[in-house]
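# Overview (structure and organization)
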Amino acid sequence: MILNPLALKRVLDYFETLKIDNSRCVKNKSPLASCNLCDNVCPTKGLNYSAGKWEVSDCTLCGRCISLCPMEVFSLDEDKLLANAKDEEVLFLGCHHDKKTLLPIKINCFKQLTPELILCLLAKTKKIVFLVDEEVCSACQNDWSKEVLILLLKRFHLETERRLFFETKRERIDTFIAEYDASRRDYLKKTYRDFLNQGSKVVEGELKNKNLAIKEEEKLLKRFHLFTSYRENYTKDETLPYPLLEVRHCHFCGACTTLCPTQALKLVETTKEDDVKKHLLFHPTLCTQCKLCEDVCLSKGIFWGDFIRQELFFLGKWLEVARGEKKVCQSCQQDFFDYEDEKMCYFCRKRDEYKS
C-alpha cells in the first residue's frame, strides 16, 4: 500500500491528546480553592476531579478548558505550535475538522488558541495565516469565531494587524495550499521515503523530536510568555487585560504567600532601628489570577482592581500591596503585624467575637 506523504504528517498530528498536569491545579494546593472553570465550560461534562486528579471520560478536544484554565493544567497542541513556529517564516494553521485542507500543521480546534499563545507565536514567526473554512466552523459545536479572537487580541494593544491573517474562502484556501505544497514538496518526499524505509520508528521519532524541540522555559505560564516576547516592544500608556491585585485588609498571616502556586506573592520583613514592618509584595508577571489567594485569605481582604499598564507589567518588578507594623497583642501578648489601629491580633479579636 502506498501512502500519500501529506497523509503521514496528518497521522502524526492526530496523535495529539489532551494532556493534564494535575500538579498545577489549585485544587491540589488547598481544599478552599473554588476554581471550577474547566468543568463549567466543558460541553460534554466529561471532566471529573477525584483524589487529586482530573479524569476525562468524554473529550471532544474542543480546547475550552485549555483557554480558560488560569493554571494551564490542560494542554493540547501548544508544544507542536511552538516548535514549528521557529522553522516557519509563515505559519499556516488549519483545523482537523476541515478535511479538504491538507496541512502538516493542523490543530484540533482554534478555540484553544489564547491571545498570549498567539502573541508568543508571532514573536517566533513573521506571519500567521488561519485557513478557516466557514462552512466547517459554522457547523462546529465549539462556536469559535475569528471576530472574538481579534477583539481579545486588541485588548493587549500589541502589534498583530499586519502579521495575523484569516482566509475563509474555499478557493483562496485551495490557492494557499497549492503554494504551500510546492514549497514543501521536497521535504515531504524525503519524509515519505523515510517512512517507507523505517516504518513505525519514524512516527515515534518524529513525535519524540517534536517534544525535544521545546525548551523548558517555553512551557511557563501565559503571562511569562507575553513578558519574554514583548518586554522590549510595548506601549507605555496602554493597558493589558490583567487586573492588579489590591488588598483592603491584611494580617500578614502568610496563607496567600505560602499557597500561591506561582509564587506571585511574598512577605518581606524590614527593620529600621526599633521599627519592624512586614510588606506583602505582588508580582504581576507571575500571577495567573487563579484567585486562590482570595479563597484562603482569613480577612477576605483581597480583591482585583484596574487593569495594569504595560509599562508597569513589563518592568517585571515586585509591587507592594500591603504594609504592617509590628505590635504586641494586649490579650495573648504575642507579636502581630497590622496596618490599622488594632490593639489585639486577628485571632484574639475573632475569639472575642465568637464569645459575644
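Everything that follows concerns the structure shown earlier in this document.
These notes cover the structure that comes with them. (Residues numbered from 1 in each chain as written. Predicted model: local features only at pLDDT ≥ 70, side-chain atom pairs only at ≥ 80, totals over all residues. Heavy atoms only, no water.)

This brings us to the overall build of the protein. What the protein contains, in helices and strands, is 14 helices and 14 strands. Residues counted as buried form 46% of the 356 residues belonging to the protein. Taken as a whole, the protein presents about 19,200 Å² of accessible surface, with 50% of it coming from carbon and sulfur. (Helix = DSSP H or I, 4+ residues; strand = E, 2+ residues; numbered from the N terminus. Buried < 20%, exposed > 50% of the residue type's maximum accessible area, 1.4 Å probe, protein only. Areas by Shrake-Rupley, 256 points an atom, 1.4 Å probe, with all protein chains shown as cover.)

Core analysis: the largest hydrophobic core is formed by 56 residues, its most contacted members being Phe130 and Leu226. Dropping the residues within four chain positions of it, Phe130 is found in contact with Leu93, Phe110, Leu113, Ile118, Leu149, Leu164, Phe165, Phe166 and Glu167. Cys65, Cys69, Val73 and Phe74 belong to the second largest nonpolar core, which has 19 residues in total. (Core = buried A, V, L, I, M, F, W, Y, C linked by side-chain atoms within 4.5 Å. Contact = heavy atoms within 4.5 Å.)

The residue Gln112 is located in the loop between strand S6 (106-107) and helix H5 (115-122) in this model. In terms of polar contacts, Gln112 uses its side chain to reach the side chain of Asp77, at 2.6 Å. Within the structure, the side chain of Gln112 is placed 3.3 Å from the backbone oxygen of Cys109, a separation counted as a polar contact. Filtering out sequence-adjacent residues up to four positions away, Gln112 remains in contact with Cys62, Gly63, Ile66, Leu76, Asp77, Glu78 and Ile107. (Polar contact = N/O pair within 3.5 Å; in protein donor to acceptor, adjacent residues only side chain to side chain.)

Burial analysis of strand S7 (residues 127-131) places four of its five residues in the buried class, the great majority of the element. Taken together, the four bridges between strand S5 (residues 90-95) and S7 define a ladder with parallel strand orientation. Bridged to Val90 within S7 is Lys127. In terms of strand pairing, S7 meets strand S8 (residues 164-167) through four bridges, oriented parallel. Each bridged residue has a counterpart across the sheet, and for Phe130 the counterpart in S8 is Phe166. (Pairing = 2+ DSSP bridges.)

The next subject is the packing of aromatic side chains. A full pass over the atoms with the stated rule returns 15 aromatic pairs. Look at Phe156 and Tyr242: their rings are 5.9 Å apart centre to centre, the planes differ by 80 degrees, and that puts the pair in the edge-to-face class. Taken together, the residues span a long stretch of sequence, with Phe156 in the loop between helix H7 (146-154) and S8 and Tyr242 in strand S9 (residues 239-247) at a distance of 86 residues. Comparing Phe156 with Tyr242 shows no difference in burial state: the two are buried. Exposure remark for Tyr242: the relative accessible area of 6% places this residue in the buried category. Taking the ring centre of Tyr49 as reference, the NZ or CZ of Lys27 above it sits at 5.7 Å. Taking the ring centre of Phe303 as reference, the NZ or CZ of Arg248 above it sits at 4.1 Å. (Phe/Tyr/Trp six-rings, centres within 6.5 Å; stacked < 30°, edge-to-face > 60°. Lys NZ or Arg CZ within 6 Å of the ring centre and 35° of its normal.)

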